[in-house]
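The lines below spell out each chain.
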Amino acid sequence: MATHPGGLTTVAPAVRIAELTRSYDDRTILDSLDLEIRAGEFVALLGQSGSGKSTLLRALAGLDGEVAGTGLIDVPGAVSVVFQDSRLLPWLRVHDNVILGLTGPGAAEQGRESLAEVGLAGRERAWPNQLSGGEQQRVALARSLVREPELLLADEPFGALDALTRIRMHALLRSLCDRHRPAVLLVTHDVDEAIVLADRVLVLDGGRIAAEQLIDVDTPRNSADPRFAEIRAHLLGALGVTGEPREPREPRERSRD
Amino acid sequence: MATHPGGLTTVAPAVRIAELTRSYDDRTILDSLDLEIRAGEFVALLGQSGSGKSTLLRALAGLDGEVAGTGLIDVPGAVSVVFQDSRLLPWLRVHDNVILGLTGPGAAEQGRESLAEVGLAGRERAWPNQLSGGEQQRVALARSLVREPELLLADEPFGALDALTRIRMHALLRSLCDRHRPAVLLVTHDVDEAIVLADRVLVLDGGRIAAEQLIDVDTPRNSADPRFAEIRAHLLGALGVTGEPREPREPRERSRD
Amino acid sequence: MVATVGTRTDSTSSAPARSSLRTRRRLGPGRPIRFGPTIGPLLLLTVWTAGSATGLLDERVLSAPWTVVTTTGELIESGRLQANLLTSVQRVALGLGFGVVLGTALALVSGLSRWGEAVIDGPVQIKRAIPALALMPLLILWLGIGEVMKVSTITLGVFVPIYIHTHNGLRGIDSRYVELAETVRLSRRAFIRRVVLPGALPGFLLGMRFAVTTGWLFLVVVEQINSTSGIGYMMELARTYGQTDIIIVGLVLYGLLGLLSDGAVRLIERRALSWRRTLAD
Amino acid sequence: MVATVGTRTDSTSSAPARSSLRTRRRLGPGRPIRFGPTIGPLLLLTVWTAGSATGLLDERVLSAPWTVVTTTGELIESGRLQANLLTSVQRVALGLGFGVVLGTALALVSGLSRWGEAVIDGPVQIKRAIPALALMPLLILWLGIGEVMKVSTITLGVFVPIYIHTHNGLRGIDSRYVELAETVRLSRRAFIRRVVLPGALPGFLLGMRFAVTTGWLFLVVVEQINSTSGIGYMMELARTYGQTDIIIVGLVLYGLLGLLSDGAVRLIERRALSWRRTLAD
Amino acid sequence: AGDDKTVSALAADAPLPAQVPKGTKLIVGDPAVKVALTLSGQIDKFSFDIEWANISGGPQTTEAFRADALDIGAVAEIPAIHATWTGLPVKIVASKFRKDPINHPTYELGIAPGAGVKTLADLRGKKIAYSPGQAQGALMLRVLKKAGLTKNDVTLVELPSTGDVYVNALASKQVDVAPLGGVNNKRYPVKYGRDGATTIPHGIRDDPSHLYARTSTLQDPAKAAAIAEYVQAWARAARWVYEHPQEWIEGYYVKDQGLTPEDGRYLVDQAGEPDIPADWSEAIARHQETIELLAAETGNPVLKAGDLYDLRYESLGANAVKGGA
Ligand SMILES: Nc1ncnc2c1ncn2[C@@H]1O[C@H](COP(=O)(O)OP(=O)(O)OP(=O)(O)O)[C@@H](O)[C@H]1O
Ligand SMILES: Nc1ncnc2c1ncn2[C@@H]1O[C@H](COP(=O)(O)OP(=O)(O)OP(=O)(O)O)[C@@H](O)[C@H]1O
Ligand SMILES: [Mg+2]
Ligand SMILES: [Mg+2]
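Residues numbered from 1 in each chain as written. Chains lettered and ligands numbered in written order. Predicted model: local features only at pLDDT ≥ 70, side-chain atom pairs only at ≥ 80, totals over all residues. Heavy atoms only, no water.

**What about the UniProt feature "domain: ABC transmembrane type-1" (unreviewed entry) in chain C?**
Taking the numbering used here, the UniProt-annotated feature "domain: ABC transmembrane type-1" (unreviewed entry) corresponds to residues 81-265 of chain C. When the span residues 81-265 of chain C is considered, its composition is 87% helix and 0% strand, and the gap between its end C-alpha atoms is 25 Å. (UniProt positions renumbered as here; feature names shortened; annotations may be inferred. Helix = DSSP H or I, 4+ residues; strand = E, 2+ residues; numbered from the N terminus.)

Dropping the structure here:
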């Protein structure tokens, strides 16, 4: 089997998408998109807001039955999804949300462990609406990690997390990947996060994969690494952000008023 | 009036919180917290997930009537809130969501302009659930910007936005601030964002303001600026993140399997 | 294990669509069936026809469909059906109109103020629990035996489901939306128009479905009192004279009215709640 | 403009709490009133008492409260009330039990499969639209005039609101939760237990509120047939004899039963739906 | 309410005023007579305003009386008794019977298929439909008495006699015997005869038909006078119906009630010739029997039947048809 991540390969991929087209009403969101993800590969997906990232994930999860479109999708049977909204069932307590659909005697224990891993030990019996935004997101993460998917689809799973918690969740996700080696498609808006975590980063634009970047930075990946900075600049460029210095803030007259 | 941002001042502040305590059940979330924000001041609030940022914002917005607690809160009359969930009324079209509560003949036009500013021109008649996550967040932003608040409370308003869109929204927020000079309390998880936008950055921890940092970096603020990096390191430290290099990803054996 | 999904698969694609993930997993009810809503009633009609034809259903208790058709024809020819229907429709329409307004207004008052609820809710529950027939003497006392009493009785019957459902729907509005309304400083008027009414609309529409049939059911009760026309009167008369066929015509009419009005409200529901994405979609 | 909010303001704080932002803005119904639910019925009782005392309410149409009390006393003394109530409670309880099971089962079948809906939904709407009294001859023919017929009639009455409300609640479950259930590969069983039933619970409970009163209302109809006991029988007899005071005792009893059973369901509702944060909280 | 006194209340034994004052209005619950008067062209001949209410049967009439929504009701024997018992004093102002009442009964006993009841003696041990408080209920009690049976010799099944309940109960053999009235007498054996359904006569007079009013209404001189005029019109209408069976069948049974001409013919034949006696003593005596029967049954005090009749109206009806016919 080819060891080279990404690129054209003849080995059977875990995910294969060919000529995927999806439109809402008259707006074509995905336009004849092709994509392959190998088993065990970690792919990060960047793209502007509204570019169709969630649409692509929903198609992979088989959830877009009502959407007009054509194309071919090959996915493994065991898919786990972290939705962009955390999507906890409001009438189930946190713990029951995590083990939803799990069977077997170990499920309850697994659920508790998983909740502890995302830093929510002791909150098992809370209702979802008693959690903060980031806590809800972590419950959703716990729910997807407690399963052992062949394909993990995660739609901005860390969006509502602070820096420290985010780092912890990265580690958690990584350890899951190391244990079960699922194919991962992670949507994120944080370019650094994409570079740190992924084997390959894609940029979705105009309904297609507009840019593709293998992450060939040595681990541990350090954002101070010049190759890191180079890749980041390249990806930001693909996302339309030109020049690293952020746009200046207008100087404000503080003494007025 | 004192021109020095933050710090103790005798001038009547726009927001004054004294000894604010809030608990859910037995868990004390805010613990005798004191805070003042001057009129026109832009304060960013950092803090770990679950540290009580949203609780504080809800208290300022007068929305925590059912929560046990004591303390004194002084806020202006015209408060605008961007909730952590975008909180669009699902039964109102996007445009109606934006102008909700606005009266007067210009409201419809203002709403349209505001939607255009957040990049959603042409989507006025969409239902909220037809929008992507980031688009919903932008509608919520548009809704708060179309008003002219004396105090803007924004709970992670950019969390679901990509880098480019985020920069655009920063500019938008800034221009609002320059026009109407509201006091702003912005919750964010992005330390860089906090430094770029704010006059003062607070870190909430243990129910109190655990760290406070005046942003004395010259505009335009550049993350390459050594002072910028210094402040960032300090804030990340206050958030519990030690050492800029991200935790290494375990090297993965790509040829296995 | 790899499953293939070919949603309207391109003929040029090489990999075969082995199985549809969507149909395999689908927990929802699936795609609507063409003319689905007509299947049940048609089935009922078939059973009825078959039962009558084979004599399993006694013609003397449940007239055969063809008898009902000829009887209907005769009733229409003699003008009785139309005249009675017209009278009844007017009574129900009036009662429905007043009842909907009354029920919605009370639900708003009761749902938006604790005092309103304290005063209104209990009596409505009591009213609801008391059989209509038992209330008739009081209504006759207060309102006489004329049209006013009839329309009022229907109104009183109709307002109950409207009230309960709207009130329930309204009370079930997510508090997050109320918070939002408070932060954008909605006036109470705008709050009702923008948040409360749309939020309670699903409840209200379910209430409407009950209100419409309740209106027709109350007709049977009120048209026993001092009426010389109306469907309820026609059926009561037929009962007295043991005219099974006319009774069944009345029942079929009721069934049809029930189906039609229910269908109409559901149509409105589908339009008015088009923003919803639910299990039913 | 600066407003001060002092939520349980610290006495040590220097700035005065000038006005409460919360009460100023509050669009929801506010805090519950102590003993709120009793206010309405008590008011009704007061009006009734006052009306009777001043003679504004004709004693021969609406007996005075004290007459009702003495009549109730007599009925209890003679043992009639208890005996009748016991019989009625048994009938209603049985009918309610069967009706709830039937209604829920049909709602599940109809809500989760298009074919189920096609076959079940129409006939239920028809059943609902047809007056109970008009169905009696058929039920008598098929089920006799014994207890079986009585309990069946109540069952048929009760299952309708349960069905409609559960079905409606179920159909209104957000499709996002259905998607979630699909991605975590819930079995159909678990889907029903974890998603459908809890999601439809608010609807079901509203249905229960209607089912309970419907059960009592149908009692009046069935206890006219071959009964020598039961509250409905007692009232019907009093009506033919024109015994206003006994009728009113019955009405008061109905009102109380209505209030109590409604209160009970609401209590369950508050417990079972404690996860909800709504306008009512 | 019903007891509001006019300036000069008319004493119960004071002679009826001859003139009906202007502006007097009567609300009459007697829909069949309304049709008869219309058909005979007499409907506009009243010297006062008349409002017709389609109210019939004891409970409804009583409710309407209480609500002051009705001045005259048309019923049989029972409602006047129950009204008096429940504190609503009423008086009968007109009585109509049938000539040859045994052969022109209002009710017959419907016999369920296979019940094997040929004579009244066969009632022993049977299930009998019984509606307490209604005329049919009282009739069954009298039938049992006549057959020499008590309630313990049969099973009384309490059923309301509204609509077609009895026919259905008989046809489905839920009861063995039930009193059937009107067109059901004819329709039941026709419909279920092939299964063995029959009817048998009960041989008891069941023909009384009264007009009654609240005592308080009769204290109003204007209304009392108007009622006197109505009673005469009522008697003439009854006579007209008898003399114009064809018009009556067409105009009432077929057009108004939606029956077939055959049904109408049957009902006309069944009713026979009306008998409006000028002397009520016989009627009062029979009424007394009914009262005693019901009093024993319900535990109410025995009333004096004579008190239920307003004798000032005794001869009005009879004289009207004597003069008119
Ligand atoms: N209604 C509630 N009942 C009980 N606990 C609650 C409730 N709301 C919030 N909490 C708890 O209070 C704590 C603070 O919540 P808050 O929403 O303020 O956190 P936050 O700082 O906004 O976090 P995040 O960054 O994740 O949004 C959390 O631990 C949360 O679980
Ligand atoms: N149900 C729908 N009906 C109509 N348009 C829709 C619907 N769902 C999504 N869209 C549109 O399709 C486009 C792509 O949406 P999608 O959710 O895939 O974006 P995204 O890349 O995930 O964006 P974000 O980063 O903001 O989440 C958006 O413009 C959105 O408005
Ligand atoms: Mg998205
Ligand atoms: Mg928060």
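Following the structure, the description resumes.
**Examining the coordination of the magnesium ion (ligand 4)**
Within the protein, the magnesium ion (ligand 4) binds to S54 of chain B (OG) and Q84 of chain B (OE1); these donor distances fall in the range 1.9 to 2.1 Å. With S54 of chain B in helix α1 (residues 53-60) and Q84 of chain B in the loop between β5 (79-82) and α2 (94-98), the pair connects residues that are 30 residues apart, well separated along the chain. (Donors = N, O, S within 2.8 Å, 3.2 Å for Na, K, Ca; no water.)

**Section: the environment of M208 of chain D**
All names here are of chain D. Locating M208 in the fold gives a position in helix α9 (residues 188-222). It is 7.4 Å that separates the C-alpha atoms of M208 and P161, two residues lying 47 residues apart in sequence. Look past the residues within four positions of M208 in its chain and what remains in contact with it is V100, I162 and V265. (Contact = heavy atoms within 4.5 Å.)

**As for the site of ligand 1**
In the vicinity of ligand 1, 21 residues are found, and the nearest of them are S132, G134 and E135 of chain A together with S54 and T55 of chain B. At the site occupied by ligand 1, nearby residues are drawn from chains A and B. In the model, an oxygen atom of ligand 1 is placed 2.5 Å from a nitrogen or oxygen of the E135 of chain A side chain. Taking R27 of chain B, its side chain carries an N or O atom lying 3.0 Å from an oxygen atom of ligand 1. When residues of the shell around ligand 1 are traced back to their parent elements, those giving at least two are α4 (133-145) of chain A together with β2 (27-37) and α1 of chain B. Classifying every residue of the shell around ligand 1 gives 3 nonpolar, 13 polar and 5 charged. (Near = heavy atom within 4 Å. Polar contact = N/O pair within 3.5 Å; in protein donor to acceptor, adjacent residues only side chain to side chain. Nonpolar A, V, L, I, M, F, W, Y, C, P; charged D, E, K, R; others polar.)

**Things to note about the packing of aromatic side chains**
For any pair of aromatic rings, geometry is given as the distance between the ring centres together with the angle between the planes. In total, this model carries 16 aromatic pairs over all chains according to the counting rule given. An aromatic cluster of at least three residues, connected via ring pairs, comprises F46, F48, W52 and Y230 of chain E. If you follow R87 of chain B out to its NZ or CZ, it ends over the ring of F83 of chain B, 3.9 Å from the centre. Here R176 of chain C stacks its cationic end above the ring of Y177 of chain C, 5.3 Å away from the centre of that ring. (Phe/Tyr/Trp six-rings, centres within 6.5 Å; stacked < 30°, edge-to-face > 60°. Lys NZ or Arg CZ within 6 Å of the ring centre and 35° of its normal.)

**Side note on the relation of the copies chain C and chain D**
With an RMSD of 0.2 Å, the operation that places chain C on chain D is a rotation of 180 degrees combined with a shift of 0.0 Å along the axis. Read as a symmetry element, the transformation amounts to a two-fold axis. When C-alpha positions in chain C are compared against the rotation axis, the closest is assigned to G203 of chain C, at 4.7 Å. Here 98% of the contact residues of chain C are again contact residues in chain D; the copies associate through an equivalent surface. (Least-squares fit on C-alpha atoms with pLDDT ≥ 70 in both.)

**A few points about the interface of chain D and chain A**
Listed by partner, the interface residues are 18 residues for chain D and 22 residues for chain A. Where chain D abuts chain A, roughly 1,900 Å² becomes buried across the two surfaces, and 62% of that area is made up of carbon and sulfur atoms. Inspection of the region where chain D meets chain A yields 3 salt bridges. A salt bridge links E179 of chain D to R87 of chain A, with the shortest nitrogen-to-oxygen separation between them at 2.6 Å. Secondary-structure elements contributing two or more residues to the side of chain D that touches chain A are α8 (175-183) and α9 of chain D. Ranked by residues supplied to the side of chain D that touches chain A, first place goes to α8 of chain D with 6 residues. A class-by-class count of the residues in the side of chain D that touches chain A yields 8 nonpolar, 3 polar and 7 charged. (Buried area = accessible area lost by both parts, 1.4 Å probe. Salt bridge = Lys/Arg side-chain N within 4 Å of Asp/Glu carboxyl O.)

**Side note on the interface of chain C and chain D**
Counting from both sides, the interface comprises 83 residues of chain C and, opposite them, 82 residues of chain D. Counting the surface chain C buries against chain D, the share from its top three residues, L27, R114 and L279 of chain C, is 11%. Applying the counting rule to chain C against chain D returns 4 salt bridges. Our count for the chain C to chain D interface comes out at 15 residue pairs in polar contact (both at pLDDT 80 or more).

**What to know about the coordination of the magnesium ion (ligand 3)**
Residue and element names in this part refer to chain A. Here the magnesium ion (ligand 3) is held by S54 (OG) and Q84 (OE1), and the distances to it run 1.9 to 2.1 Å. Accessibility expressed as a relative area gives 19% for S54, which makes it buried. Judged by its relative accessible area of 24%, Q84 is partly exposed. (Buried < 20%, exposed > 50% of the residue type's maximum accessible area, 1.4 Å probe, protein only.)

**Considering the side chain of R138 of chain A**
Relative to the helices and strands, R138 of chain A resides in helix α4. Of the buried charged residues, R138 of chain A lacks a salt bridge, with E135 of chain A as the closest side chain of opposite charge at 4.3 Å. Among the polar contacts made by the side chain of R138 of chain A, one reaches the main-chain carbonyl oxygen of V118 of chain A at a distance of 3.0 Å. One polar contact links R138 of chain A to S49 of chain B, side chain to side chain, over a distance of 2.7 Å. (Lys, Arg positive; Asp, Glu negative; His and termini not counted.)

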